[in-house]
Amino acid sequence: MPKTLIFTKHGPHADRILPAFSERTGLGTTVGDDRAIFQLEGAGHAIDAATELDAVDPGWREQLTLENPQT
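Scoring rules and cut-offs
- Residues numbered from 1 in each chain as written.
- Predicted model: local features only at pLDDT ≥ 70, side-chain atom pairs only at ≥ 80, totals over all residues.
- Heavy atoms only, no water.
- Pairing = 2+ DSSP bridges.
- Helix = DSSP H or I, 4+ residues; strand = E, 2+ residues; numbered from the N terminus.
- Axes fitted to C-alpha atoms, helices over the stretch in contact; angles between N-to-C directions.
- Contact = heavy atoms within 4.5 Å.

### Considerations on the sheet that holds strand E2 (residues 28-31)
Taken together, the four strands give an open sheet; going across it, the order is E2-E3-E1-E4, and neighbouring strands pair in antiparallel fashion. Unpaired on one side and paired on the other, E2 and strand E4 (64-66) mark the two borders of the sheet. Within the sheet, the average angular offset between the axes of one strand and its neighbour, ignoring direction, is 20°. Direction of pairing for strand E1 (residues 4-9) relative to E4: antiparallel, over a ladder of three bridges. Across the sheet, Thr8 pairs through a bridge with Thr65, a residue of E4. Contacting E1, E2, strand E3 (35-39) and E4, helix H1 (residues 14-25) crosses the sheet at an angle of about 165° to E1.

Here you go:
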């Protein structure tokens, strides 16, 4: 499992979705103009990013790309 989740922002609602995802999961993040990186190390539990993002906004895939999905 990756130690980070990396998102590329490409929609106008990405900057609303990412903070909500961070609050919902409790993950620390580094956010830039085009990307956001969430640190999974020390999260204490498994994070299903797609499920959590669906709960924040079912249309998140139109706003963000998850660059390193968990397998």
